[in-house]
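Here are the chains, one letter per residue:
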Amino acid sequence: MASDRDLADHVERLCAPLGQVWSRNMFGGCGIYRDRAMFGLIARGVFYLKTDAVNRPDFDAAGLEPFVHHSATRTLTMSYHRAPEGSLEDWPVMEPWAQGSVSAAERAFAKRAKRPSRTRRKA
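Residues numbered from 1 in each chain as written. Predicted model: local features only at pLDDT ≥ 70, side-chain atom pairs only at ≥ 80, totals over all residues. Heavy atoms only, no water.

### Some thoughts on unusual backbone geometry
Cut-off, in case you're wondering: Only protein chains enter the accessibility calculation, which uses a 1.4 Å probe; a residue is then buried when its area is under 20% of its type maximum, exposed when over 50%, and partly exposed in between.
One non-glycine residue, aspartate 35, adopts positive backbone phi at about 60°. Exposure remark for aspartate 35: the relative accessible area of 36% places this residue in the partly exposed category. Phi at arginine 44 takes a positive value of approximately 50°, unusual for a residue other than glycine. For arginine 44, a relative accessible area of 57% gives the class exposed.

Rendered as structure tokens:
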């Protein structure tokens, strides 16, 4: 099995038609970014794509399970779903899923950017 880093390099090349795609090692896996927004996640040799209320129904309809993180104290279901079978070998298969995930990541990034920054009050 290829390492998460090898898979991230492959995903970067595969998704190059999206624009500036890059990856960063994080939490034992890799985050996949287009510009500043993280649209993909690689963990334990599996590629997951960002989902939100707009594109999640497509992933659910295809039976693509979400990424679930287990810690010692809790289990978190994340807003990333497994990439479809065959999408890692064929850009035309990956393209609509990746485009939707980039859009979801951009919506999430824009939402975070609109939040007022938290500043500490002086005591």
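### Quick word on the pairing of strand β6 (residues 75-82)
Basically, it comes down to this: Note on pairing: DSSP must find at least two bridges between two strands before they are called paired. Helix and strand assignments come from DSSP, with helices taken as H or I runs of at least 4 residues and strands as E runs of at least 2, each series counted from the N terminus.
Across three bridges, the pairing between strand β4 (residues 46-50) and β6 is antiparallel. The residue bridging tyrosine 48 from the neighbouring strand is arginine 82, located in β6. Examined bridge by bridge, strand β5 (residues 66-70) and β6 share four bridges and lie antiparallel to one another. Bridging across to β6, histidine 70 finds its partner in threonine 75. Between the end of β5 and the start of β6, which pair antiparallel, lie four residues.

### Concerning the sheet that holds strand β1 (residues 21-26)
Selection criterion: Axis definition: a line fitted to C-alpha atoms, limited for helices to the stretch in contact. Angles are taken between N-to-C directions and run from 0 to 180 degrees.
Strand order in the open sheet made by the six strands is β1-β2-β3-β4-β6-β5, with antiparallel pairing throughout. With one partner strand each, in any of the chains shown, β1 and β5 form the two edges of the open sheet. Strand after strand, the sheet turns through a mean of 40° between neighbouring axes, direction not considered. Here strand β2 (residues 29-34) runs beside strand β3 (residues 37-43); their pairing, made up of five bridges, is antiparallel. Among the inter-strand pairings, arginine 34 is bridged to a residue of β3, identified as alanine 37.

### Focus on the pairing of β4
Of all five residues that make up β4, five are buried, and the element is covered over most of its length. The sheet contact formed by β3 and β4 spans four bridges and is antiparallel. Looking at the pairing, alanine 43 lines up with valine 46 of β4.

### Regarding the side chain of serine 87
To be explicit about the condition: Counted as a polar contact is a pair of N or O atoms within 3.5 Å, where, for protein atoms, one must be capable of donating a hydrogen and the other of accepting one, and residues adjacent in sequence contribute only when both atoms are in side chains. Any pair of residues with heavy atoms lying within 4.5 Å of one another is described as a contacting pair.
You can see serine 87 is positioned in the loop between β6 and α3 (91-114). Residue class for serine 87 comes out buried when judged on its relative accessible area of 0%. Within the structure, serine 87 has its side chain in polar contact with the backbone oxygen of proline 84 (distance 2.6 Å). Filtering out sequence-adjacent residues up to four positions away, serine 87 remains in contact with Leu14, Val93 and Met94.

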